[in-house]
Amino acid sequence: DLAIDKPGRQHSLSIGYFDRIGAMQYTLAHDDGQLSNDLNEAEIILVGVSRTSKTPTSMYLANRGIRVANIPIIPNLPLPKNLLSTNVLIIGLTTSPDRLIQIRKSRLNSVGEKKSTNYVQEEAIKEEVVVAKRLFIKNNWPTIDVTRKSIEETAAAAMEYLRQYKERIKSVKE
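Residues numbered from 1 in each chain as written. Predicted model: local features only at pLDDT ≥ 70, side-chain atom pairs only at ≥ 80, totals over all residues. Heavy atoms only, no water.

Colleague: Help me out: how do you make sense of the sheet that holds strand S1 (residues 44-49) in this one?
Modeller: Neighbouring strands of a sheet are bound in pairs by backbone hydrogen bonds; such pairs are parallel or else antiparallel. Pairing within the open sheet is parallel, and its 4 strands lie in the order S2-S1-S3-S4. Strand pairing shows two members of the sheet lacking a second neighbour, strand S2 (68-73) and strand S4 (143-145), which therefore form its edges. On average, adjacent strands in this sheet sit at an angle of 25° to one another, irrespective of strand direction. (Pairing = 2+ DSSP bridges. Helix = DSSP H or I, 4+ residues; strand = E, 2+ residues; numbered from the N terminus. Axes fitted to C-alpha atoms, helices over the stretch in contact; angles between N-to-C directions.)

Colleague: So what exactly am I meant to see when it comes to the pairing of S2 here?
Modeller: Every regular strand shows the same layout, with side chains that alternate between the two sheet faces. Buried residues dominate S2, accounting for 6 of its 6 residues. The two faces of S2 match: Val-68, Asn-70 and Pro-72 on one face and Ala-69, Ile-71 and Ile-73 on the other face are all buried. Inspection of the sheet shows S1 paired to S2 by 6 bridges, in the parallel sense. If you follow Gly-48 over to S2, its bridge partner there is Pro-72. Remark: the S1/helix H2 (residues 54-63)/S2 crossover connection has right-handed handedness. (Buried < 20%, exposed > 50% of the residue type's maximum accessible area, 1.4 Å probe, protein only. Right-handed = clockwise from strand over helix to strand, strands pointing away.)

Colleague: Could you clarify how one ought to interpret the nonpolar core in this entry?
Modeller: Nonpolar side chains in soluble globular proteins tend to end up buried together. Grouped together as the largest cluster of nonpolar side chains are 20 residues, with contacts concentrated most on Ile-45, Val-47, Ile-73, Leu-83, Phe-136 and Trp-141. For this core, the secondary structure elements donating two or more residues are S1, S2, helix H3 (97-110) and helix H4 (122-138). Ranked by residues supplied to this core, first place goes to H4 with 5 residues. Val-47 has contacts with Lys-54, Ile-71, Ile-73, Leu-83, Ile-90, Ile-91, Gly-92, Leu-93, Leu-135, Phe-136 and Trp-141, leaving out every residue within four places of it along the chain. (Core = buried A, V, L, I, M, F, W, Y, C linked by side-chain atoms within 4.5 Å. Contact = heavy atoms within 4.5 Å.)

Colleague: What exactly am I supposed to notice about the packing of H3 against H4 here?
Modeller: Each pair of packed helices can be summarised by the angle the axes make with each other and by the distance between the axes. The geometry of H3 relative to H4 is characterised by a closest axis approach of 9 Å and an angle of 120° between their N-to-C directions. Overall, the two elements H3 and H4 adopt an arrangement that is oblique. Considering only the axes of H3 and H4, their crossing is right-handed. Of the residues in H4, those touching H3 at Pro-97, Leu-100, Ile-101 and Arg-104 are Glu-122, Ile-125, Lys-126, Glu-128 and Val-129. For the contact of H3 with H4, the class distribution of residues is 5 nonpolar, no polar and 4 charged. (Parallel < 35°, antiparallel > 145°, perpendicular 65-115°, else oblique. Left-handed = near helix turned anticlockwise from the far one by under 90°. Nonpolar A, V, L, I, M, F, W, Y, C, P; charged D, E, K, R; others polar.)

Colleague: What should I look at first to understand the environment of Ile-45 in this one?
Modeller: Relative to the helices and strands, Ile-45 is located in strand S1. With 113 residues separating them along the chain, Ile-45 and Ala-158 place their C-alpha atoms 9.9 Å apart. For Ile-45, the residues in contact, after removing those within four places along its chain, are Leu-39, Ala-69, Ile-71, Leu-83, Thr-86, Val-88, Leu-89, Ile-90 and Ile-91.

Shown next, in the form of structure tokens:
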């Protein structure tokens, strides 16, 4: 009667399993600025311009059991009002304008979009990146430059920031 003989045994329903499922559900519901009314329930909020790997990084972290919301910085659209009043770790994601242009052009090509928009115009993208960086500095948010990072490297950096954040919170309470 070895455990290996029981079907599904390697997928036991541990507390860690349910934590990951809960994190995945939260993260999916809070992808790309959706459901921003309960941001205080996140462990990490990722903020960045379009195509800075917010969603894949969020999903990777959620698969590790971390509840993540991600908020896009969209020109001429305000951030959620409660973002700045939350007590959650907020991390800014940034990238080089040149890399962003490449990624966005590739994205538009993949969906068959042919007309030119500010989404891929060099000056508009440079301004977006500058505005985002100013926001991160103004709010003293840790920042990860994703230009040459894999999703796994970005997530590892975010987890390290979370570890440091939790240590600071713990030391303040003591």
